[in-house]
Amino acid sequence: MHIESLGQGPDLVLLHGWSMHSGIWQPLIEPLQQQFRVHLVDLPGHGLSQWQAQDLQLDAVVDQLAEGLSFPAIWLGWSMGGLIALRLAQRYPTQVQRLILMAATPQFVQTKDWTTAMPAEVFQSFASKLGDNISATLQQFLLIQAKGAVHARQQIRQIAEDLAAGPTPQTGALREGLDLLLNENMRPAVQQLHCPLQWILGSRDSLIPIAVKEPLRALNPAATVHEIDGAGHAPFVSHSAECLQLIEQFCHD
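Presented here is a report on the structure given in the accompanying data block. (Residues numbered from 1 in each chain as written. Predicted model: local features only at pLDDT ≥ 70, side-chain atom pairs only at ≥ 80, totals over all residues. Heavy atoms only, no water.)

### Points about the pairing of strand S5 (residues 96–102)
Within S5, six of the seven residues are buried, leaving the element largely enclosed by the surrounding structure. Summarising the sheet, strand S4 (residues 73–78) and S5 pair through six bridges and their orientation is parallel. Directly across from leucine 76, in S5, lies its bridge partner isoleucine 100. What joins S4 to S5 is helix H3 (residues 80–91), and the crossover it makes is right-handed. Judged from the four bridges that link them, S5 and strand S6 (residues 197–202) form a sheet pairing that is parallel. When the bridges of S6 are listed, leucine 99 appears paired with leucine 197. (Buried < 20%, exposed > 50% of the residue type's maximum accessible area, 1.4 Å probe, protein only. Helix = DSSP H or I, 4+ residues; strand = E, 2+ residues; numbered from the N terminus. Pairing = 2+ DSSP bridges. Right-handed = clockwise from strand over helix to strand, strands pointing away.)

### Some words on helix H6 (residues 152–164)
The first and last C-alpha atoms of H6 sit 18 Å apart over 13 residues, in line with the 18 Å expected at 1.5 Å per residue. When H6 is considered as a whole, its buried residues turn out to be Gln155, Ile156, Ile159, Asp162 and Leu163. Each buried residue of H6 lies within a common arc of 135° when the element is viewed along its axis, so the set occupies one face. Projecting away from the buried face of H6 at angles above 90 degrees are the exposed residues Arg153 and Ala164. Contacts from the buried residues of H6 go to helix H1 (26–32), helix H5 (134–146) and helix H10 (235–238). (Expected span 1.5 Å × (residues − 1). Arc of directions from axis to C-beta. Contact = heavy atoms within 4.5 Å.)

### Describing the pattern of salt bridges
For the coordinates displayed, the defined rule picks out seven salt bridges. The partner of aspartate 59 in a salt bridge is arginine 87, and the shortest N-O contact between them spans 2.7 Å. With a gap of 28 residues between them, aspartate 59 in helix H2 (residues 58–68) and arginine 87 in helix H3 connect regions that are remote in the sequence. In this structure aspartate 59 comes out as partly exposed when scored by relative accessible area, which is 31%. For glutamate 214, the salt bridge is made with arginine 217, and the minimal N-O distance between the two is 2.6 Å. Separated by three residues within a single helix, glutamate 214 and arginine 217 lie in helix H9 (residues 213–219), roughly one turn from each other. Judged by its relative accessible area of 48%, glutamate 214 falls in the partly exposed class. Each member of the salt-bridge network shares a partner with another, and the members are Asp59, Asp63, Arg87 and Arg91. (Salt bridge = Lys/Arg side-chain N within 4 Å of Asp/Glu carboxyl O.)

### Describing the environment of valine 150
By the element assignment, valine 150 lies in the loop between H5 and H6. Remark: the alpha-carbon pair of valine 150 and glutamine 139, spanning eleven residues in sequence, is separated by 19 Å. Not counting chain neighbours up to four residues away, the residues in contact with valine 150 comprise Gln155, Arg204, Gly230 and His239.

### Examining the environment of leucine 14
Relative to the helices and strands, leucine 14 resides in strand S2 (residues 11–15). Each C-alpha atom of the pair leucine 14 and alanine 73 lies 10 Å from the other, and the pair is 59 residues apart in sequence. Setting aside residues up to four positions removed in sequence, leucine 14 forms contacts with Trp25, Leu32, Val38, His39, Leu40, Val41 and Leu76.

Below, the structure is given as structure tokens:
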């Protein structure tokens, strides 16, 4: 797994979301590395990381991360990266000092007992279209991430530019990532966490309804939950200064 480390200070690991790579963190990298030793991870089959079948199944990727970053750190997971970070905190608690989950949820798909999520059909649609046209499917996902957010066009352009700096993800890795989003339920992990936990959510996120705030608080009352007004699914792009402030406050508290 490709991991780039920058800066000095407390260790901070950044995990990107589905179909992305570590370059997506560009708005935060320079200011964060002034205070932290930042570890930029390309998940298997994304960016500069190689991929073999089953590398992006949840326990497999968590084991790779725990081996490659075998020291206590602050972990920040965005979107799908949040699910991975939660599982890592559950299985390797001594390696997670603090956990930040940005535009993330412990369960992406609606069920009878978890209604503040997306219908399964949304993710199944992406899965069905992958074999037809990967580029078009990824473009559609990019548009959904910015949908509803303030300055959506500017955000789309910024994300597209950052993604263009790396290779297209492997189709097999994309499929395994969608399976993860469709099937994983990490709510028990949230309830079991003992480390400090922070959620950063966008008020206009089209993939994670902002109504999830109260269910998240119910799962882990000790967690802090922040809502960034006007942000979509990539608040660190559209509201980087506000995200940076929340990260710094939480890490130095």
